[in-house]
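# Results of the structural survey
Listed below are the residues making up each chain.
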There are 2 protein chains.
Amino acid sequence: MATPTQTKCWVLANKPTKNPTLEGAQPTFTLKTENLPPLTANQLLVKTLYLSNDPAQRTWVGANVPEGRLYTKPIDVGQVMGARGIGEVIESTSAKAQKGDHVLISAGWTEYAVVGEDQVSAIESLPGGLSETHYLGALGGTGLTAYYGLLVQGEAKRGDKVVVSGAAGATGSMVVQIAKHILGAGSVIGIAGSDQKCLNYKSPSFAKDLRDATDANVDVYFDNVGGEILDMMLPLMALHGRIAACGAISAYNGEDALPLKNWFQVITMRLRIHGFIVLDYLNKAPEVRGVLKQAIADGKLRVDEKSQTVVSSSFEDIPRVWMKLFEGGNTGKLVTRL
Amino acid sequence: MATPTQTKCWVLANKPTKNPTLEGAQPTFTLKTENLPPLTANQLLVKTLYLSNDPAQRTWVGANVPEGRLYTKPIDVGQVMGARGIGEVIESTSAKAQKGDHVLISAGWTEYAVVGEDQVSAIESLPGGLSETHYLGALGGTGLTAYYGLLVQGEAKRGDKVVVSGAAGATGSMVVQIAKHILGAGSVIGIAGSDQKCLNYKSPSFAKDLRDATDANVDVYFDNVGGEILDMMLPLMALHGRIAACGAISAYNGEDALPLKNWFQVITMRLRIHGFIVLDYLNKAPEVRGVLKQAIADGKLRVDEKSQTVVSSSFEDIPRVWMKLFEGGNTGKLVTRL
């Protein structure tokens, strides 16, 4: 194959205020073709194989994000949409990777990219014939988020009663497993829109179901969704309960205010709410990956094809696959296979 | 004087859902006369001299407080309204106090009360001729709340930028002084409804004033009010900022939801929100009182008649004085002198 000199890529066309859209006069993204620069020293030309789909990406493109108030540089109109992924090395001027290697990249929604050797990391083989895509999920940032959020930010202890929202999603489903099988929580209650093993927030009896299941005595709430479910959880927390505030997917696609009725419970029950971003823990990634791999080997942690939903996609359909995140239907980590 | 055998008292007549009221068909309180029991061993008959007025009392009488979700037993209809105060011992069967002694009591809105010797504590004299009423404020629960909330829950450190709401009130004004003169904060910004030295939340330019004054880089927010000001503060917190959630006076007299627009900032800026109740720190009261007395002696902490507003009142006017708390006009600790 001749070395490509151009690449297709999806760039941000309009910052969305509500749901991202591919239609109409103000589409969120637009497909472009751009020139690739020639390789200089210590660089790689990579071809994107897989893309990670994360709710947090929505926050990177949001309108009205004030300067300096996001944990990463927001994506500007005209820039390639950001995403983590796995790429195959096509050409290399680096001693660290050679043609054919698979590497973790953060090149975004692009077919090809020229990246520096320090912007990629190598992929080790996984035990039990697990797909390398788990490096985007259970054994990547998702697993790290779940582990550190639960144990460090949520200060969860053996025997605790733990509630997890977004429990069918990538992070939530890992939190449930870590709480049950690594931590030894006293009980773990998941909240999701569909999963059979979870409380269904779409059920008309959800408020009562949640109260009955928790007995208003929750030690740790791992919050992936914010919004109304957060408000419902406040009166169900135990004295000195902890809330690990990981995500607010309920708010990402809208500007409506969260009507919080139960804030006073934060005071009366002496709750501790800790917001966190996994980027702060990247130096712990190898250690946590080791813990999780050992738990897989010990049969405590189940990581398999049910832990992810891998969707084969044309390059043109990348945004459509990503937008499935906000439909509430996917199970486990949503990965795009190109 | 003959030993009284009856006492006037204000009892809870109807749990308020909005503003407490003394009028109409559903008055919050009603004045009653009740019999006093005879003294048995180790008891005191006390006459109330001063009553402490605290926003938290509103939460003790609120309708719709679910069982077990308040830090103290709620006051039921028919019970005497709760309050801390200072009483004079009229008769004693206890070796711990004698006739004429002044003691701290929690007997509520009652003219006389029979209390056990373990339900009162002695009042030591204060330096510099300070009034004993400061044991209800700066050197009592108020000072303890301010000190522990700022230094322990808010994890405030020397050089920090600190914002305090309710800054003209009893707790807030102590927080401002402790931050400035004991902690050595880098800057201290108070928010109040009237105080000249504070940002005025009633000003049409308040949002801009607050942003300009804080430069969106607040290390510690000591929150006495909750509500809209809390929401405005979230985008002004520094990375890893801390919020000491002490009160939510904005919500005490209403059931309206707090429209929180900026929750996501808790996550992106990794904020830590800690709710707390001073009751958890009562064992630290003597230690903190020592620190504060020393600071007064060193000229670092100003506690004087400006630290409190003492209102002379008939017994009949006790509820009216208390309700001044919710009008936003009082400065420092509001004390009722009978």
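Residues numbered from 1 in each chain as written. Chains lettered and ligands numbered in written order. Predicted model: local features only at pLDDT ≥ 70, side-chain atom pairs only at ≥ 80, totals over all residues. Heavy atoms only, no water.

### Points about the environment of Ala107(A)
All names here are of chain A.
- Summarising the element assignment, Ala 107 is placed in the loop between β5 (102-105) and β6 (112-116).
- For the pair Ala 107 and Leu 136, spaced 29 residues apart in sequence, the C-alpha to C-alpha distance is 14 Å.
- Beyond its immediate chain neighbours, meaning those up to four positions away, Ala 107 contacts Val 80, Ala 83 and Ala 113. (Helix = DSSP H or I, 4+ residues; strand = E, 2+ residues; numbered from the N terminus. Contact = heavy atoms within 4.5 Å.)

### Remarks on helix α3 (residues 170-183) of chain B
Residue and element names in this part refer to chain B.
- Compared with an ideal rise of 1.5 Å per residue, which puts 14 residues at 20 Å, α3 spans 18 Å between its outermost C-alpha atoms and is within 8% of the ideal.
- For α3, a buried count of 10 out of 14 residues is recorded, marking the element as mostly surrounded by other parts of the structure.
- Buried within α3 are the following residues: Ala 170, Thr 171, Gly 172, Met 174, Val 175, Val 176, Gln 177, Ile 178, Ala 179 and Leu 183.
- Turning to α3, the residues buried within the fold contact α2 (141-153), β8 (161-165), β9 (187-192), β11 (218-223), α8 (285-297) and β16 (333-337). (Expected span 1.5 Å × (residues − 1). Buried < 20%, exposed > 50% of the residue type's maximum accessible area, 1.4 Å probe, protein only.)

### Quick look at the relation of the copies chain A and chain B
- The two copies are related by a screw operation: chain A maps onto chain B through 180° of rotation and 0.0 Å of translation along the axis, at an RMSD of 0.0 Å. Read as a symmetry element, the transformation amounts to a two-fold axis.
- Taken as a fraction of all interface residues of chain A, those also at the interface in chain B reach 100%, which identifies the copy contact as same-surface. (Least-squares fit on C-alpha atoms with pLDDT ≥ 70 in both.)

### Quick word on the side chain of Asp54(B)
Residues and elements named next belong to chain B.
- Mapped onto the elements, Asp 54 comes out in the loop between β3 (43-53) and α1 (56-60).
- Judged by its relative accessible area of 17%, Asp 54 falls in the buried class.
- Those residues in contact with Asp 54 that sit more than four places away from it in its chain are Arg 84, Trp 322, Leu 325 and Lys 333.

### Here's the deal with the environment of Asn64(A)
- Along the polypeptide, Asn64(A) turns up in the loop between α1 (56-61) and β4 (85-92).
- When the C-alpha atoms of Asn64(A) and Ser52(A) are compared, they prove to be 25 Å apart, with 12 residues separating the residues in sequence.

### Remarks on the interface of chain A and chain B
- On the side of chain B, 40 residues touch chain A, which itself brings 40 residues to the contact.
- When the two sides are added together, the surface that chain A and chain B hide from each other amounts to roughly 3,300 Å², 60% of it contributed by carbon and sulfur.
- Between chain A and chain B we count two salt bridges in total.
- Between Arg270(B) and Asp280(A) there is a salt bridge, with its nearest N and O atoms 2.7 Å apart.
- For the pair chain A and chain B, the number of links is 18 residue pairs in polar contact (both at pLDDT 80 or more).
- At the level of elements, β12 (237-245), β13 (258-260), α7 (264-268) and β14 (272-275) of chain A are the ones that each hand at least two residues to the side of chain A that touches chain B.
- Per element, the largest residue contribution to the side of chain A that touches chain B is five residues, and it comes from α7(A).
- Residue composition of the side of chain A that touches chain B, by class: 25 nonpolar, nine polar and six charged.
- As paired strands, β13(A) and strand β13 (residues 258-260) of chain B are joined by three bridges and run antiparallel to one another. Bridge pairing in β13(B) places Leu258(A) opposite Leu260(B). (Buried area = accessible area lost by both parts, 1.4 Å probe. Salt bridge = Lys/Arg side-chain N within 4 Å of Asp/Glu carboxyl O. Polar contact = N/O pair within 3.5 Å; in protein donor to acceptor, adjacent residues only side chain to side chain. Nonpolar A, V, L, I, M, F, W, Y, C, P; charged D, E, K, R; others polar. Pairing = 2+ DSSP bridges.)

### What to know about the domain arrangement of chain A
Residues and elements named next belong to chain A.
- The assigned domain composition of chain A is domain 1 (6-136 + 304-337) and domain 2 (141-278).
- When each unit is reduced to the centre of its C-alpha atoms, the spacing between domain 1 and domain 2 is 28 Å.
- Summed over both sides, the interface of domain 1 with domain 2 buries roughly 1,300 Å², with 48% coming from carbon and sulfur.
- Our count for the contact surface shared by domain 1 and domain 2 stands at zero salt bridges.
- Along the contact surface separating domain 1 from domain 2 lie two residue pairs in polar contact (both at pLDDT 80 or more).
- A breakdown of the residues in the side of domain 1 that touches domain 2 according to their chemical character gives eight nonpolar, seven polar and four charged. (Domains from an automatic or database assignment.)

### With respect to α8(B)
Residues and elements named next belong to chain B.
- Helix length check: α8, at 13 residues, gives a terminal C-alpha distance of 18 Å against a target of 18 Å (1.5 Å per residue), a fit within 8%.
- When α8 is considered as a whole, its buried residues turn out to be Ala 285, Val 288, Arg 289, Leu 292, Lys 293, Ala 295 and Ile 296. All buried residues of α8 fall inside an arc of 160° around its axis, so they share one side. The outward face of α8, more than 90 degrees from its buried face, is lined by the exposed residues Pro 286 and Ala 297.
- Downstream of α8 by one or two residues, Gly 299 has phi in the positive range, about 75°. (Arc of directions from axis to C-beta.)

### Digging into the packing of aromatic side chains
- A complete count under the given rule lists 14 aromatic pairs over all chains for this structure.
- With 6.1 Å between their ring centres and 80° between their planes, Phe222(B) and Phe276(B) make a pair best called edge-to-face. Residue Phe222(B) is found in strand β11, and its partner Phe276(B) is found in the loop between β14 (272-275) and α8; the two are separated by 54 residues along the sequence. Taken as a pair, Phe222(B) and Phe276(B) share a single burial class, namely buried.
- Ring centres of Trp322(B) and Phe326(B) lie 5.3 Å apart, and the angle between their planes is 80°; on these two criteria the pair is classed as edge-to-face.
- Through a chain of ring-to-ring contacts, the aromatic side chains of Phe29(A), Trp109(A), Trp322(A) and Phe326(A) assemble into a single cluster. (Phe/Tyr/Trp six-rings, centres within 6.5 Å; stacked < 30°, edge-to-face > 60°.)

### Examining the nonpolar core
- Grouped together as the largest cluster of nonpolar side chains are 98 residues, with contacts concentrated most on Trp263(A) and Trp263(B).
- Not counting residues within four places of it along the chain, the set of residues in contact with Trp263(A) comprises Leu234(A), Ile273(A), Asp223(B), Leu230(B), Ala248(B), Leu258(B), Trp263(B) and Ile273(B). (Core = buried A, V, L, I, M, F, W, Y, C linked by side-chain atoms within 4.5 Å.)

### Thoughts on the pattern of salt bridges
- Here the structure, examined in full by the defined rule, presents 25 salt bridges over all chains.
- Where Arg242(A) meets Asp160(A), a salt bridge forms, and the shortest distance between an N and an O atom there is 2.9 Å. Separated by 82 residues along the polypeptide, Arg242(A) in strand β12 and Asp160(A) in the loop between α2 (141-153) and β8 (161-165) bring together distant segments of the chain.
- With a closest N to O distance of 2.8 Å, Arg320(B) and Asp317(B) form a salt bridge.
- Judged by relative accessible area, Arg320(B) falls into the partly exposed class, the value being 46%.
- Relative accessible area serves as the criterion here: at 29%, Asp317(B) is assigned to the partly exposed category.
- Taken together, the shared-partner salt bridges in this structure form one network comprising Asp54(A), Arg84(A) and Lys333(A).

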